[in-house]
Amino acid sequence: LMLHRNTMIATPDILYWADDKSCKMLNTRTGDLVDEIIPPIEKAGGTFWKWMGMEGDLLVALIGEQEKKDPVMRWRRQQHGWPWTAISEGFNKEEHTWGFGKNLMAIDPKTKKIKWHVQEDIPMDARALTMKNGRVYVFHFGKYLKCLNAKSGKVIWSKTKENSPELFEALGTYLPRQSWETNWRTRNYMMCSDDAIYFAGPQMDKLLAVSTKDGSVLWQNPYNNFQLVLRDDGLYAISGPWKNNVSKKFDPLTGEVLAELPTGRRACTRPSGTDDAILFRASGGTVRFDTGDETPRWISPMRPSC
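Residues numbered from 1 in each chain as written. Predicted model: local features only at pLDDT ≥ 70, side-chain atom pairs only at ≥ 80, totals over all residues. Heavy atoms only, no water.

Asks: Is there a simple way to think about the sheet that holds strand E5 (residues 48-55) in this case?
Replies: Two orientations exist for strands paired in a sheet by backbone hydrogen bonds: parallel and antiparallel. Strand order in this open sheet of four strands is E5-E6-E7-E8, and the pairing throughout is antiparallel. Both outer strands of the open sheet, E5 and strand E8 (114-125), are each paired with one neighbouring strand and no more. Strand-to-strand twist in this sheet, taken as the mean axis angle between neighbours without regard to direction, amounts to 20°. With five bridges joining them, strand E6 (residues 58-64) and strand E7 (residues 100-107) adopt antiparallel strand pairing. Directly across from Ile63, in E7, lies its bridge partner Asn103. (Pairing = 2+ DSSP bridges. Helix = DSSP H or I, 4+ residues; strand = E, 2+ residues; numbered from the N terminus. Axes fitted to C-alpha atoms, helices over the stretch in contact; angles between N-to-C directions.)

Here it is as structure tokens:
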């Protein structure tokens with residue numbers, strides 16, 4: 001699909017993999033198709049799976065209408081770099097139109113029965129949809145931020161410009177940025193823990209933390225090119241490749257800077273985490289940032305993809 005999609009979930013026995021037609025259930029050992037989930041179109045609004053998450057035996061999915069697909073491109077290119085403009089007409093459209101859907105539903109993967117169904121007039125953004133600890137958080141920039149009960153689909157709290165102007169003032173204006181410096185606008189810009197929702201990415205002009213309890217603003221940082229990895233010991237914010245902004249380790253709930261980290265991203269790659277390190281491309285090669293002694297260690301021969 002040439003997009004950052006959260007439509008794959010691995011469990012010990014079943015790999016759930018969703019595309020524009022259904023959610024396939026594959027045997028993890030053999031890859032054989034065991035079953036597939038296709039909710040009724042009149043409820044799902046289409047067959048295109050745009051996001052999904054799972055807690056226990058509950059599968060929550062954002063499903064909707066078809067989206068523009070770029071043609072398969074083949075040529076014998078010899079030049080340096082990767083030509084996004086040439087390879088994807090749609091990817092560089094001024095308006096981002098991928099990953100939006102009006103229908104969110106919870107499904108029992110064993111019976112394929114729909115537990116609950118929520119429909120929004122203004123579509124939810126799959127880049128800002130997350131699930132944790134029995135709650136689902138849905139968002140549309142400038143319109144709403146809602147917290148839903150994952151078991152029932154009922155609204156726990158709902159924030160709009162009208163009832164929470166301070167939150168939407170803090171969120172600021174949507175930025176349509178995408179470049180090798182900021183990463184691509186298809187990437188997610190909202191993540192959560194049990195206690196906080198974090199906004200950061202090329203779409204955001206800052207790092208913002210919001211309470212999961214009531215949607216109130218907890219803290220913010222003005223630097224606008226962090227990418228986040230949340231760990232038990234802190235929120236690691238890996239900075240982008242401009243100015244002299246170093247990466248930082250924040251207290252997740254107060255925003256206190258616990259450490260300034262002597263490292264930063266290079267180009268459009270994204271950080272990912274393991275149990276004892278954070279991995280990303282940095283100037284000079286790929287780095288394994290050891291979270292034990294907060295030291296970058298090089299893995300020079302390897303260069304991750306964009």
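Asks: Would you mind showing me how to read the pairing of strand E2 (residues 14-18) here?
Replies: Looking along a regular strand, one sees the side chains alternate between the two faces of the sheet. Only one face of E2 is buried: it carries Ile14, Tyr16 and Ala18, and the other face, with Leu15 and Trp17, is open. In this sheet, E2 lies alongside strand E1 (residues 8-10) in antiparallel orientation, the contact comprising three bridges. Its bridge partner being in E2, Met8 is matched across the sheet by Trp17. Between the end of E1 and the start of E2, which pair antiparallel, lie three residues. Both E2 and strand E3 (residues 23-27) contribute to a ladder of five bridges, which runs antiparallel. For Leu15, the partnering residue across the bridge sits in E3 and is Leu26. Once E2 ends, the chain turns through four residues before running back antiparallel as E3. (Buried < 20%, exposed > 50% of the residue type's maximum accessible area, 1.4 Å probe, protein only.)

Geometric values such as these leave the question of function open.
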